[in-house]
Amino acid sequence: KAGVTQTPRYLIKTRGQQVTLSCSPISGHRSVSWYQQTPGQGLQFLFEYFSETQRNKGNFPGRFSGRQFSNSRSEMNVSTLELGDSALYLCASSLGGGDHNEQFFGPGTRLTVL
Amino acid sequence: GEDVEQSLFLSVREGDSSVINCTYTDSSSTYLYWYKQEPGAGLQLLTYIFSNMDMKQDQRLTVLLNKKDKHLSLRIADTQTGDSAIYFCAESRHNQGGKLIFGQGTELSVKP
């Protein structure tokens, strides 16, 4: 079974631009969660999508948004990029039921904002 | 609060046991997880424990949970150089299964 894939793996943008990251979950998984990882703040939860609906949301500004398609693939978008958005963005997929969701992570997209 | 705390560094000799500790604050935690991250890679799920259990063993890994003190530990027996990585504990809470709250990570260094 293929793992979680994320594209692109690396991205360089300039301040003020916007970016879209993509995540393809493991086949059969209906939940996709997104996390931001930085040296200063560690791993922080952005949001979770389940069956095309946002089910949980972290404490990030509205510039961070996401969506999920009917095939469970998910995208996240960051508009008006700031230097502080430079981070590793990780997505994780799970079956999505109940309190226990074994989340399987992709390799991440490394975003650098100049 | 949302705090999950871990010590930042641990150094052991190859063949010794490693114990990585984690504390959490929220009593509504349902499941607790241990993840491993190697340089340049995503997170690999190692093991998890349900909050009403106190111990789980999986090959070289032993997880101990003290729910009263909100303390979680991961013991790695016979630590190898390939175990060098950053280890994260994470919790999920009732009705928030898709949201994991992570500690800062413990960097484990295994010396030959």
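Scroll up a little and you will see the structure.
Residues numbered from 1 in each chain as written. Chains lettered and ligands numbered in written order. Predicted model: local features only at pLDDT ≥ 70, side-chain atom pairs only at ≥ 80, totals over all residues. Heavy atoms only, no water.

Our next topic: the sheet that holds strand β1 (residues 4–6) of chain B. Sheets are built from strands that pair by backbone hydrogen bonding, the pairs being arranged parallel or antiparallel. Residue and element names in this part refer to chain B. The sheet built from five strands is open, its strands ordered β1-β3-β8-β7-β6 with antiparallel pairing. Every other strand in the sheet has two partners, leaving β1 and β6 (55–58) as the edge strands with one partner each. Direction aside, the axes of adjacent strands within the sheet are offset by 15° on average. The sheet contact formed by β1 and strand β3 (residues 18–24) spans three bridges and is antiparallel. (Pairing = 2+ DSSP bridges. Helix = DSSP H or I, 4+ residues; strand = E, 2+ residues; numbered from the N terminus. Axes fitted to C-alpha atoms, helices over the stretch in contact; angles between N-to-C directions.)

Contacts between the two partners involve 22 residues from chain B, matched on the other side by 19 residues from chain A. Surface buried jointly by chain B and chain A totals about 1700 Å² across both partners, of which 53% is contributed by carbon and sulfur atoms. Seen at the junction of chain B and chain A, the total is five residue pairs in polar contact (both at pLDDT 80 or more). Those elements that provide at least two residues to the side of chain B that touches chain A are β4 (29–37), β5 (43–50) and β9 (85–93) of chain B. Element by element, the count of residues in the side of chain B that touches chain A is highest for β4 of chain B, at five residues. (Contact = heavy atoms within 4.5 Å. Buried area = accessible area lost by both parts, 1.4 Å probe. Polar contact = N/O pair within 3.5 Å; in protein donor to acceptor, adjacent residues only side chain to side chain.)

Residue and element names in this part refer to chain A. The step from Thr-7 to Pro-8 runs through a cis peptide bond, and the omega angle for that step is -10°. By the element assignment, Pro-8 lies in the loop between β1 (5–7) and β2 (10–13). Positive phi outside glycine occurs at Ser-72, with the angle close to 75°. Turning to its location among the elements, Ser-72 is positioned in the loop between β7 (64–68) and β8 (74–78). For Ser-72, a relative accessible area of 12% gives the class buried. (Buried < 20%, exposed > 50% of the residue type's maximum accessible area, 1.4 Å probe, protein only.)

Summed over all chains, the structure comprises 14 aromatic pairs over all chains. Between Tyr-35 of chain A and Phe-102 of chain B, the aromatic rings sit 5.5 Å apart at their centres with planes inclined by 90°, giving edge-to-face as the arrangement. Of the two residues, Tyr-35 of chain A is situated in strand β4 (residues 31–38) and Phe-102 of chain B in strand β10 (residues 101–102); the pairing between them involves two chains. Each member of the pair, Tyr-35 of chain A as well as Phe-102 of chain B, carries the same accessibility label: buried. Taken together, a centroid distance of 6.2 Å and an interplanar angle of 75° make the contact between Phe-105 of chain A and Phe-102 of chain B edge-to-face. Of this pair, Phe-105 of chain A sits in strand β10 (residues 104–105) while Phe-102 of chain B sits in strand β10, which puts the two residues in different chains. Judged by its relative accessible area of 11%, Phe-105 of chain A falls in the buried class. Taking relative accessible area as the criterion, Phe-102 of chain B reaches 8% and is therefore assigned buried. (Phe/Tyr/Trp six-rings, centres within 6.5 Å; stacked < 30°, edge-to-face > 60°.)

Our next topic: the environment of Arg-30 of chain A. Residue and element names in this part refer to chain A. Along the chain, Arg-30 turns up in the loop between β3 (19–24) and β4. Of the residues examined, Arg-30 reaches a relative accessible area of 42% and is grouped as partly exposed. Residues Arg-30 and Gln-44, 14 residues apart in the sequence, show an inter-C-alpha distance of 21 Å. In this structure Arg-30 touches Tyr-49, Phe-50, Ser-51, Gln-68, Ser-72, Ser-94 and Leu-95, once residues within four positions along its chain are discounted. A distance of 2.7 Å separates the side chain of Arg-30 from the side chain of Ser-51, its partner in a polar contact.

Read these as layout, nothing more, since geometry by itself doesn't imply function.
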